[in-house]
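Fold and contact review
Here is what each chain is made of, one letter per residue.
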Amino acid sequence: MAAGVAAWLPFARAAAIGWMPVASAPMPAPPRDKRRTQDGLIVLNISGTKFQTWRNTLERYPDTLLGSTERDFFYQEDTNEYFFDRDPDIFRHILNFYRTGKLHYPRHECISAYDEELAFFGIIPEIIGDCCYEEYKDRRRENAERIQDDEDNENNNDLVLPDMTFRESMWRAFENPHTSTMALVFYYVTGFFIAVSVMANVVETVPCGTMPNNRAKEVSCGERYALAFFCLDTACVMIFTVEYLLRLMAAPSRYKFVKSVMSIIDVVAIMPYYIGLVMTDNEDVSGAFVTLRVFRVFRIFKFSRHSAGLRILGYTLKSCASELGFLLFSLTMAIIIFATVMFYAEKGSSGSKFTSIPAAFWYTIVTMTTLGYGDMVPKTIVGKIFGSICSLSGVLVIALPVPVIVSNFSRIYHQSQRAEKRRAQKKTRLARIRAAKSGGANAYLQYKRNGLLTDSEEEASKEAGQALVCKSNPTFETQHHHLLHCLEKTTNHEFVDEQTYESSCMEVSMVKPSASRSSSLSSSPHGLSSCCSRRHKRKSFNVPNSTMAAGCRDSMQELSTIQIRERPLSNSRSNLNAKFEETVPLNSEQQPYITAAVISMPTPPVTTPEGEDSASSPDYSQSNIVRVSAL
Amino acid sequence: MNLEGLEMIAVLVVVVLFVKVLEQFGLLEASYDDSVEDELELSAVRHRPEGLEKLEAQTRFSRKELQILYRGFKNECPSGVVNEDTFKDIYSQFFPQGDASTYAHFLFNAFDTDHNGSVSFEDFVMGLSILLRGSVQEKLNWAFNLYDINKDGYITKEEMLDIMKAIYDMMGKCTYPILKEETPRQHVDMFFQKMDKNKDGVVTIDEFIDCCQNDENIMRSMQLFENVI
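For clarity, every value in this text was computed on a predicted model and none was experimentally measured.

Scanning chain B from N- to C-terminus turns up 12 helices and 4 strands. Taking all 229 residues of chain B together, the buried fraction comes to 38%. Expressed as a percentage of contacts within chain B between residues at least 6 apart in sequence, the contacts between residues at least 24 apart total 57%. Accessible area of chain B: about 13800 Å², with a carbon and sulfur share of 55%.

Dropping the structure here:
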């Protein structure tokens, strides 16, 4: 905190002379300033945009990149400046942080780009000033939700894991009807029966002509065709019961399932029937039984499993609970006040309907909501004045919380719209990613086929003519291909394309993977040596592009926590501050980690003889190494 | 509440509504009139210091030192003057555990030599010049001026107690050994025992300077902050 007012430290120290005469002990010796150099200007060249500042300004925060010796890594001797190949627009804010001690977040910047820059320069985002903190946190949360959404969708759209139990697959079928046709059929059938059941409840009460034997009485359809309706009801309830029991059986956490809203609705929907079965003969409680039939209408809420819009509405109401509560409370207050006033105002007039304050409640509610039935009207002048005030205030009281609820609904609705759009675009996005990945792999295979890597000299010279044509490959590519070739030589496996891999995968699925896997488990690190599930492959793809992958990841996670933990960050700082020799082993340490992981993948064919699996095994390594090459 | 009372209330309500309507028409002025003055406040407070040469002549700082000092000063106070609240704020940032506001108040008064409620750059630099480049006599003079709260030439026990409490406040709560209530008072008594030669209950400037010049520790500590700039 004091770094922001570092310029005033000399003043504070000078003012300490005021303590000297009253000091009870002798003063300590002052620290010796080792560098008595004058405060110099430092030139920072960020992708061409030059920034200049005092050295002391930067050194106010010694645990950041610019404030520590870490910046020496970026020093250019010939131009006597520090060059960073980063975004100059965001750097402006970072430099302002050093100058003013306050970090601001520019609204037009992308949150992830900003976070990356902060992480690069070693600044913790938690120190963002109050003025920008809310905006920053909101954007962060939105971004996290988006990433979480993507991950969830990925996980949901995974291929069925071979070792998923029947119970789990059933639960998946219930939760995501579009995963299998059975689930879809089930979904539509239940939807149909809900609709039928609700329609039956409604039609039951329609007057339907007269009974055949008793011409005088009008009966409802329910009474006339009692048996038919009863059979229909039974069928529906049976379907609902079966569905509920299946869901209960399939739920991963039964207790949580029983507590959830949807299951309570399910139970309430089918309970009246069973209670009715038990109680039909007892005439005394038939009144209660009739009441229970009202609960059958709750079946309509079962539709919320089928309709996203209903769910959004329900979620909105839940999230606006406080606004609704406030609305209710203020309405109640107003009702009581006005009802009291109207009662006493109308007490005098003869034949007035305002017989008591509770009786006046009805008038107040009808007036405040601007319904105005007209069954109770004030007759005295005073009553009319207060009545008009009542209706005016009613409009206000109701109108106030409504925009809040509406904006909440709008926000949630737009969120779901965005999620829908993302899902739709996801397919094209994934296709593009896959194309890029396979493009990389194909380039290497093409390269190989051009024979640029063959060992024999004659072929090389023969193809030299051809090679010259392909010489247009940039240096990066050639080096990359050389690397992949080294890998092939190391593992004694080769890269091939998708089709060959698929076909050999079929063959190898016969081979028992467990035995051979355990043999290689001991040699490879725990993290990546698991079954060839897509999930893990995807995880390895997500690792960022630097060799300091693990370290960066950790520090990113540290950044996202609320508590500021200085130590982990300084650890990564000290790693980079360490002498250059130390960083090299760090790099080489990472490489075998990745290669070892790759070795662990093609476990099944390892035990089989070399000649046979030279076709099949490379397929594994290829698909995994595709991931590595993406790194 | 009988009908008469209710009628009166109804009439009252109607009258209030009528007044509101008149206000809307602007015929009746609502009584909010402090906003105008706030606007004037903001524009008045700006101050430019005297030229570099003049300051160089008046103080014992070199040109470069004055540049550095001014840059730091202006950075924190863009308007060119420090008022007491900003001063307290800045000073408190150096003592996060305790409450530095009381001592900052006394310091502010010591720097604000013309007592106009704000410390301009000239005041600031003059004060620093004495503290860092002045002779021992001048420094002791400055310290005496700091302790003498009402600037009457005498330090009384009450004044000293205030200063002492302010200094101990800066320590905050978490000290070792624990701060007791009577510690400042004891410290003041010790101070007066040392300084008050004629035991008249006040310390004059001569007693103060004499006593300090005879005390080795104090003399040595006065030279401590020579190289701060």
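Taken together, the 39 residues of chain A in the interface contact 53 residues of chain B. For the pair chain A and chain B, the summed buried area comes to about 3900 Å², and 76% of that belongs to carbon and sulfur atoms. Counting the surface chain A buries against chain B, the share from its top three residues, Trp8(A), Phe11(A) and Ile17(A), is 19%. At the boundary of chain A and chain B, one finds 0 salt bridges. There are 2 residue pairs in polar contact (both at pLDDT 80 or more) connecting chain A and chain B. Counting only elements with at least two residues in the side of chain A that touches chain B, the list comes to helix H1 (9–15), helix H14 (321–346) and helix H16 (381–399) of chain A. If one sorts the elements of the side of chain A that touches chain B by residue count, H1(A) sits on top with 7 residues.

This paragraph deals with unusual backbone geometry. A positive phi angle, close to 60 degrees, is found at Thr370(A), a residue other than glycine. With respect to the secondary-structure elements, Thr370(A) resides in the loop between helix H15 (357–368) and H16. A positive phi is found at Lys199(B), a non-glycine position, where the angle reads about 50 degrees. Using a relative accessible area of 56% as the deciding quantity, one classes Lys199(B) as exposed.

Looking now at the environment of Val402(A). Residue and element names in this part refer to chain A. Residue placement: Val402 occurs in helix H17 (residues 401–449). Under the relative-accessibility criterion, Val402 is labelled partly exposed at 35%. Sequence-wise, Val402 and Leu324 are 78 residues apart; in three dimensions their C-alpha atoms are separated by 8.6 Å.

All names here are of chain A. A full pass over the atoms with the stated rule returns 1 disulfide over all chains. Covalently, Cys208 is tied to Cys221 through a disulfide, its sulfur atoms 2.3 Å apart. Residues Cys208 and Cys221 are joined through a disulfide that is right-handed, its torsion about the S-S bond being 70 degrees. Of this pair, Cys208 sits in strand S5 (residues 207–210) while Cys221 sits in helix H8 (residues 221–224); the two residues are 13 residues apart in sequence, bridging distant segments of the chain.

Turning to the pattern of salt bridges, a few remarks are in order. Residue and element names in this part refer to chain A. For the coordinates displayed, the defined rule picks out 23 salt bridges over all chains. Here Glu135 makes a salt bridge to Arg107, at a shortest N to O gap of 3.3 Å. In this pair, Glu135 is assigned in helix H5 (residues 130–156) and Arg107 in the loop between helix H3 (88–100) and helix H4 (111–120), connecting sequence segments 28 residues apart. The exposure class assigned to Glu135 is partly exposed, which follows from its relative accessible area of 21%.

Attention shifts here to the UniProt feature "transmembrane region" (unreviewed entry) in chain A. Residues and elements named next belong to chain A. Listed under "transmembrane region" (unreviewed entry) in the UniProt record, and renumbered for this structure, are residues 225–246, 258–279, 324–345, 357–373 and 385–406. Segment residues 225–246 splits into 95% helix and 0% strand. End C-alpha atoms: 32 Å apart. For residues 357–373, the end-to-end C-alpha separation is 18 Å, with 71% helix and 0% strand making up the annotated structure.

It is worth spelling out the sheet that holds strand S3 (residues 75–76) of chain A at this point. Residues and elements named next belong to chain A. Read across the sheet, 4 strands follow the order S2-S1-S4-S3 without closing on themselves; strand pairing throughout is mixed. A strand with exactly one partner marks an edge of an open sheet, and here the two such strands are strand S2 (49–54) and S3. In this sheet, S2 lies alongside strand S1 (residues 41–46) in antiparallel orientation, the contact comprising 6 bridges. Bridged to Leu41 within S2 is Trp54. Helix-sheet contacts for H3 involve S1 and S2, and the interaxial angle to S2 is about 5 degrees.

This brings us to the UniProt feature "domain: EF-hand" (unreviewed entry) in chain B. Here the UniProt feature "domain: EF-hand" (unreviewed entry) sits at residues 99–134, 135–170 and 183–218 of chain B. Annotation note: span residues 99–134 of chain B, helix share 67%, strand share 8%, distance between end C-alpha atoms 29 Å.

Another point: the pairing of strand S4 (residues 81–84) of chain A. Residues and elements named next belong to chain A. Where S1 and S4 come together, 3 bridges link them in parallel fashion. In the sheet register, Asn45 faces S4, and the bridge partner there is Phe83. Sheet analysis places S3 next to S4, joined by 2 bridges and oriented antiparallel. Of the residues in S4, the one forming a bridge with Tyr75 is Tyr82.

It is worth spelling out the packing of aromatic side chains at this point. Using the criterion set out here, one finds 44 aromatic pairs over all chains in the structure. On the numbers, 5.6 Å between centres and 80 degrees between planes, the contact of Phe192(A) with Phe193(A) is edge-to-face. According to the relative accessible area criterion, Phe192(A) is exposed, its value standing at 52%. Pairwise contacts between aromatic rings join Tyr70(B), Phe73(B), Phe87(B), Phe108(B), Phe111(B), Phe121(B), Phe124(B) and Trp142(B) into one cluster.

This part takes up the environment of Ala251(A). All names here are of chain A. Residue placement: Ala251 occurs in the loop between helix H9 (226–250) and helix H10 (254–259). Since its relative accessible area comes to 1%, Ala251 is described here as buried. Each C-alpha atom, one on Ala251 and one on Met170, is 8.7 Å from the other, the two residues being 81 residues apart in sequence. Those residues in contact with Ala251, other than ones at most four positions away along the chain, are Arg167, Trp171 and Phe257.

Attention now moves to a nonpolar patch on the surface. Residues and elements named next belong to chain A. A cluster of nonpolar side chains, contributed by Leu227, Phe230, Met271, Tyr274, Leu277 and Val278, occupies part of the molecular surface with about 610 Å² of accessible area. Sorting the residues of the nonpolar patch by element identifies H9 and helix H11 (261–279) as the ones contributing at least two each. Of all the elements, H11 adds the most residues to the nonpolar patch, at 4 residues. With respect to the helices, strands and loops of the structure, Leu277 is situated in helix H11.

Cut-offs applied
- Residues numbered from 1 in each chain as written.
- Chains lettered and ligands numbered in written order.
- Predicted model: local features only at pLDDT ≥ 70, side-chain atom pairs only at ≥ 80, totals over all residues.
- Heavy atoms only, no water.
- Helix = DSSP H or I, 4+ residues; strand = E, 2+ residues; numbered from the N terminus.
- Buried < 20%, exposed > 50% of the residue type's maximum accessible area, 1.4 Å probe, protein only.
- Contact = heavy atoms within 4.5 Å.
- Areas by Shrake-Rupley, 256 points an atom, 1.4 Å probe, with all protein chains shown as cover.
- Buried area = accessible area lost by both parts, 1.4 Å probe.
- Salt bridge = Lys/Arg side-chain N within 4 Å of Asp/Glu carboxyl O.
- Polar contact = N/O pair within 3.5 Å; in protein donor to acceptor, adjacent residues only side chain to side chain.
- Disulfide = S-S within 2.5 Å.
- UniProt positions renumbered as here; feature names shortened; annotations may be inferred.
- Pairing = 2+ DSSP bridges.
- Axes fitted to C-alpha atoms, helices over the stretch in contact; angles between N-to-C directions.
- Phe/Tyr/Trp six-rings, centres within 6.5 Å; stacked < 30°, edge-to-face > 60°.
- Patch = residues over 30% accessible without salt bridge, like charges linked within 9 Å, V, L, I, M, F, W, Y side chains within 5 Å.

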